[in-house]
Amino acid sequence: MSQKPFHFETEVIHSGYSSEKYEGSLTPPLFQTATFTFDNALQGEKRFAGQEEGFIYSRLGNPTVKMLEDRMAALEKGEAGLAFSSGMAAVSAILVALTKSGDHILCSQGVYGCTFGFLELLKEKYGISHQFSLMDSREEIEKNILPNTACIYIETPINPTMKLVDLALVSKIAREEGIPVIVDNTFSSPYLQQPLLLGCDVVIHSATKYICGHGDVIAGIAVGKKDFMKKVAMTTQKDIGGIMSPFDAWLLLRGLKTLAVRMDRHCENTSKLFGFLKNHPKVETIFYPGDEGHPDFPIMKKQMKQAGGLISFSIKGTKETAQEFMDKLNLIKIAVSLGDSETLIQHPATMTHAVIPAEERVKMGISETLLRLSVGLESWEDLQADLEQALSAI
Ligand SMILES: *Cc1c(COP(=O)(O)O)cnc(C)c1O
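What counts as what
Residues numbered from 1 in each chain as written. Predicted model: local features only at pLDDT ≥ 70, side-chain atom pairs only at ≥ 80, totals over all residues. Heavy atoms only, no water. Helix = DSSP H or I, 4+ residues; strand = E, 2+ residues; numbered from the N terminus. Polar contact = N/O pair within 3.5 Å; in protein donor to acceptor, adjacent residues only side chain to side chain. Contact = heavy atoms within 4.5 Å. Near = heavy atom within 4 Å. Areas by Shrake-Rupley, 256 points an atom, 1.4 Å probe, with all protein chains shown as cover. Pairing = 2+ DSSP bridges. Axes fitted to C-alpha atoms, helices over the stretch in contact; angles between N-to-C directions. Domains from an automatic or database assignment. Buried area = accessible area lost by both parts, 1.4 Å probe. Salt bridge = Lys/Arg side-chain N within 4 Å of Asp/Glu carboxyl O. Buried < 20%, exposed > 50% of the residue type's maximum accessible area, 1.4 Å probe, protein only. Phe/Tyr/Trp six-rings, centres within 6.5 Å; stacked < 30°, edge-to-face > 60°.

Enquirer: Explanation requested: the side chain of T149 in the structure shown.
Expert: As for its position among the elements, T149 is in strand β4 (residues 149–155). A distance of 2.8 Å separates a polar atom in the side chain of T149 from a polar atom in the side chain of H104. At 2.7 Å, the side chain of T149 forms a polar contact with the backbone nitrogen of L146. The residues contacting T149, other than those within four sequence positions of it, are H104, L106, N144 and I179.

Here it is as structure tokens:
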């Protein structure tokens with residue numbers, strides 16, 4: 001495609017693929033192959049030496065996977081993308097690439113459960129320490145940057161409390177200190193938030209969620225500067241080996257086409273359900289970045305296009321009340337994950353955040369009655385009716 005740049009809604013369908021190169025095939029072909037033949041021995045030598053472009057072996061690169069990597073790079077406004085077998089394969093490959101023994105990682109106050117587990121592993125095995133920070137002011141960020149801070153790792157919105165981190169502020173300070181900023185952008189997708197445009201260095205996605213959108217793939221993506229991504233591709237991706245399968249890339253290319261329309265519906269449904277839950281007498285607290293009373297509402301307005309498809313709320317009562325409520329739901333399914341067409345509900349204290357010690361959990365604002373809803377694409381009226389009947393049954 002020569003006529004650039006297109007709007008996001010167009011890029012999400014066309015970027016990274018030219019049908020002219022593939023017999024006019026409208027949809028990207030699936031290169032379901034482990035290896036690639038060379039025309040002759042010299043070509044093989046040149047490809048291995050990096051003197052000739054081309055594919056060698058699918059752990060080092062695959063045409064279908066590359067189409068997805070190029071499309072994601074375009075959507076995140078980055079130079080290069082890399083696809084992984086899971087979000088955690090992306091998180092671990094990037095963190096290992098950026099750190100060495102004795103380093104320190106500064107993290108947002110709350111990270112995905114398995115990211116927390118991986119940070120603990122880095123600490124125990126390699127002496128790479130980490131620390132959580134609210135990152136809510138220049139002083140708070142500067143105070144936590146140590147001489148050995150190798151990178152800053154952020155999730156925003158933070159799972160499941162929906163606190164936000166001001167990405168422009170953190171990246172400005174990090175830049176002054178020469179420290180790279182990594183953002184797990186899973187909850188927003190590039191349609192709602194583009195951290196690289198705010199000065200961050202690497203964006204990570206659990207592509208399992210909104211990028212896929214159909215709940216049928218586990219996958220990860222990272223986007224960043226060309227040189228850095230090449231280094232990751234040649235080290236922690238190639239040698240640890242958490243690469244994406246061509247078929248998963250093909251499914252993701254298909255799912256991605258509807259990202260913009262899906263996100264609009266997710267956001268609209270969530271805002272409707274927020275209006276209902278906010279006023280319900282059995283709901284105690286509610287966390288949603290689109291809430292004008294949310295302390296981070298101004299940050300949401302500044303860095304996100306819309307408030308997203310997730311909402312967390314606590315039920316009045318005990319852990320058992322919250323579990324009883326979940327069991328009364330009919331249409332809404334009890335499951336972890338998010339970003340699917342189906343609306344999903346989960347109980348962070350016993351599910352996604354169960355590995356986090358109870359006292360850390362409380363500091364993060366995760367009570368025993370907190371529930372997280374990933375609002376799907378169904379009719380919001382049907383979803384509201386299901387919430388309503390379950391609330392009146394407890
Ligand atoms: C799901 C998730 C991950 C992990 O991704 P997987 O694809 O399950 O490995 C990381 N970060 C966030 C915010 C997630 O929601």
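That shown, we press on.
Enquirer: Any chance you could explain the site of the ligand here in plain terms?
Expert: Taken together, 13 residues surround the ligand, and among them G87, D184, S206, T208 and K209 come closest. A distance of 2.9 Å is found between an oxygen atom of the ligand and a backbone nitrogen or oxygen belonging to M88. Within the contact set of the ligand, an oxygen atom lies 2.8 Å away from a side-chain nitrogen or oxygen of K209. With the chains in place, 92% of the 380 Å² that the ligand exposes on its own is no longer accessible.

Enquirer: Got a minute to help me understand the sheet that holds strand β12 (residues 370–374) in this structure?
Expert: Strand pairing in a sheet relies on backbone hydrogen bonds. The paired strands run either parallel or antiparallel. Strand order in this open sheet of 5 strands is β8-β9-β12-β11-β10, and the pairing throughout is mixed. Among the strands making up the open sheet, the edge pair consists of β8 (283–287) and β10 (333–334). Where strand β11 (residues 344–346) and β12 come together, 3 bridges link them in antiparallel fashion. Residue pairing across strands places Q346 opposite R372, the latter belonging to β12. Taken strand by strand, helix α13 (residues 319–328) contacts β9 (310–315), β10, β11 and β12, and its axis lies near 125° from that of β9.

Enquirer: Can you walk me through the domain arrangement of the chain in this structure?
Expert: Taken domain by domain, the chain holds domain 1 (8–256) and domain 2 (259–392). Its C-alpha centre places domain 1 at a distance of 27 Å from the equivalent point of domain 2. If you look at the interface, domain 1 gives 38 residues, while domain 2 gives 41 residues. Both sides of the domain 1 and domain 2 interface together cover about 3,300 Å² of buried area, and 62% of this is carbon and sulfur. By the criterion of area lost to domain 2, the three top residues of domain 1 are Y191, L192 and Y210, representing 24% of everything that side buries. Joining domain 1 to domain 2, the criterion identifies 2 salt bridges. The salt bridge partner of D166 is K302, with a shortest N-O separation of 2.7 Å.

Enquirer: What is the right way to read the side chain of Q237 from this model?
Expert: For Q237, the position within the fold is in helix α9 (residues 226–237). Q237 sits in the buried class, given a relative accessible area of 6%. Residue contacts for Q237: discarding those within four places in its chain leaves L82, A83, F84, V232, G242 and I243.

Enquirer: Looking at this structure, how should I read the packing of aromatic side chains?
Expert: The geometry of an aromatic ring pair comes down to the distance between the two centres and the angle between the two planes. Scanning all chains against the criterion turns up 9 aromatic pairs. Ring geometry for Y17 and Y22: centres 5.6 Å apart, planes at 15°, overall stacked. Since its relative accessible area comes to 9%, Y17 is described here as buried. Judged by relative accessible area, which is 25%, Y22 ranks as partly exposed. Look at F313 and F325: their rings are 6.1 Å apart centre to centre, the planes differ by 80°, and that puts the pair in the edge-to-face class. Of this pair, F313 sits in strand β9 while F325 sits in helix α13; the two residues are 12 residues apart in sequence, bridging distant segments of the chain. Put simply, the rings of Y17, Y22 and F31 pair up and form one aromatic cluster.

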